[in-house]
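# Coordinate inspection notes
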Amino acid sequence: MSDPFYSMPATDTRDALLARIADALDRLAPPAPTLPDFDAADAFVWSAAEKRLQPVPEVSRVEIGLLKGVDRVRDQLLANTLRFARGRPANNALLWGARGMGKSSLVKAAHASVAETATAEGHPRLKLIEIHREDIESMPLLMGLLRGAPYRFLLFCDDLSFDAEDTSYKSLKAVLDGGVEGRPGNVLLYATSNRRHLLSRDMIENERSTAINPGEAVEEKVSLSDRFGLWLGFHRCSQAEYLAMVDGYVAHLGLTVDAAELRRDALEWATTRGARSGRVAWQFIQDLAGRLEG
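Residues numbered from 1 in each chain as written. Predicted model: local features only at pLDDT ≥ 70, side-chain atom pairs only at ≥ 80, totals over all residues. Heavy atoms only, no water.

Where an unreviewed UniProt entry is consulted, the chain appears under the name ATP-binding protein, with the organism given as Methylopila musalis.

Structure follows, in structure tokens:
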């Protein structure tokens, strides 16, 4: 009596085996990225792990008029963003400099201001997408999801910097340079950093001292910042600018406080923090508002 398995034609056995292998590989393969619903919100956060954009119903931002001491860079960023929203050529922007001086606040405020203007003019709604520093290597995948969409996107990376052994900066360089496909015409990248060259001075000096060809080793990393066409520097504010920030927040929140007392307390607060900045001014106002309500 013949074995039924061996009675099966060889081609049928091979095809069945290949089908089982294909099914197993399909189950092991990662799921395809979910196509985003860009109408769900005006702002999103990119989740590299889930390969999807998470809508942000309400963005944490301040009104652009409350940002004091950054008039020049504010106007430059607004003009660049508005050109992009209108479909005109614009530059990727690197906002660098002192901590707490409103770099990320300016990006979010500029997006809100320009989105309203562009929509009123009949242009597609400008969308804001935040990508975390650790997800930089997934940017090509994100670019693929945004390419061809009927909107324009500001891709925002806050507090961008790289460690000595970090090679993910190469993915960012490829996106900024465009690679073979070219950066999507409907995507612009804005990044903030405390470092002008995105690397610490110690790291740059270490590259020079340990590399076989020091010049090329440093150039490879430092040249990353050159890919941003617009550099906007933020510097520590003066006492007058700090007090103007405090006054602006007081007026915005409708707080009632004696001017001399406000000035004295605001300066004392800055002294105890060892810095004057927009962040310190806002922290003081939060404390003041809490005390007044108490």
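Below, the discussion takes up unusual backbone geometry. Look at K51: it is not a glycine, yet its phi comes out positive at around 55°. Looking at K51, the relative accessible area reads 27%, which means it is partly exposed. At D159, a position not held by glycine, the phi torsion is positive, near 55°. Topologically, D159 is positioned in the loop between strand 5 (152-157) and helix 6 (169-177). (Buried < 20%, exposed > 50% of the residue type's maximum accessible area, 1.4 Å probe, protein only. Helix = DSSP H or I, 4+ residues; strand = E, 2+ residues; numbered from the N terminus.)

Attention now goes to the pattern of salt bridges. Under the criterion given, the structure shown has nine salt bridges. The shortest N-O distance in the salt bridge between E121 and R86 comes to 2.6 Å. Remark: R86 occurs in the loop between helix 3 (71-85) and strand 3 (93-97) and E121 occurs in the loop between helix 4 (103-120) and strand 4 (126-130); sequence separation between them is 35 residues. With a relative accessible area of 38%, E121 lands in the partly exposed category. When salt bridges that share partners are traced, they join D42, E116, R125 and K127 into one network. (Salt bridge = Lys/Arg side-chain N within 4 Å of Asp/Glu carboxyl O.)

A few words on the packing of aromatic side chains. Tallied over the entire structure, the rule returns five aromatic pairs. Seen from their ring centres, F38 and F153 are 4.9 Å apart, and the 55° between their planes marks the pair as tilted. One end of the pair, F38, is in the loop between helix 2 (10-28) and strand 1 (43-47); the other, F153, is in strand 5, and 115 residues separate them in sequence. The buried category is assigned to F38, whose relative accessible area is 9%. Taken together through their ring pairs, the aromatic side chains of F38, F44, Y151 and F153 make up a single cluster. If you follow K127 out to its NZ or CZ, it ends over the ring of Y151, 4.8 Å from the centre. (Phe/Tyr/Trp six-rings, centres within 6.5 Å; stacked < 30°, edge-to-face > 60°. Lys NZ or Arg CZ within 6 Å of the ring centre and 35° of its normal.)

Taken across its six residues, strand 5 has six buried, putting it largely inside the fold. Bridging between strand 4 and strand 5 involves five bridges; their strand directions are parallel. When the sheet's bridge partners are listed, K127 is paired in strand 5 with F153. Each parallel crossover has a hand, and for strand 4 linked through helix 5 (residues 139-146) to strand 5 it is right-handed. (Pairing = 2+ DSSP bridges. Right-handed = clockwise from strand over helix to strand, strands pointing away.)

At a minimum axis separation of 10 Å, helix 10 (residues 259-273) and helix 11 (residues 278-293) run at an interaxial angle of 125°. Considered as vectors, helix 10 and helix 11 are oriented oblique to each other. The two elements helix 10 and helix 11 meet at a crossing, and its hand is right-handed. Across from L262, D265, A266, W269, A270 and R273 in helix 10, the residues of helix 11 making contact are V280, Q283, F284, D287, L288 and R291. Taken together, the residues of the contact of helix 10 with helix 11 sort by class into seven nonpolar, one polar and four charged. (Axes fitted to C-alpha atoms, helices over the stretch in contact; angles between N-to-C directions. Parallel < 35°, antiparallel > 145°, perpendicular 65-115°, else oblique. Left-handed = near helix turned anticlockwise from the far one by under 90°. Contact = heavy atoms within 4.5 Å. Nonpolar A, V, L, I, M, F, W, Y, C, P; charged D, E, K, R; others polar.)

What follows deals with the environment of W231. By the secondary structure assignment, W231 is in strand 7 (residues 230-234). Between the C-alpha atom of W231 and that of L77, which follows or precedes it by 154 residues, the distance is 9.7 Å. Among the polar contacts made by the side chain of W231, one reaches the main-chain carbonyl oxygen of F228 at a distance of 3.4 Å. (Polar contact = N/O pair within 3.5 Å; in protein donor to acceptor, adjacent residues only side chain to side chain.)

Okay, helix 4 next. Compared with the 26 Å implied by 1.5 Å per residue over 18 residues, the 26 Å span of helix 4 between its first and last C-alpha is a close match. Buried within helix 4 are the following residues: K103, L106, V107, A109, A110, H111, V114, A115 and A118. Contacts made by the buried residues of helix 4 are with helix 3, strand 3, strand 4, strand 5, strand 6 (187-193) and strand 7. Taken from the residues just after helix 4, G122 is the one with a positive phi, measuring 90°. (Expected span 1.5 Å × (residues − 1).)

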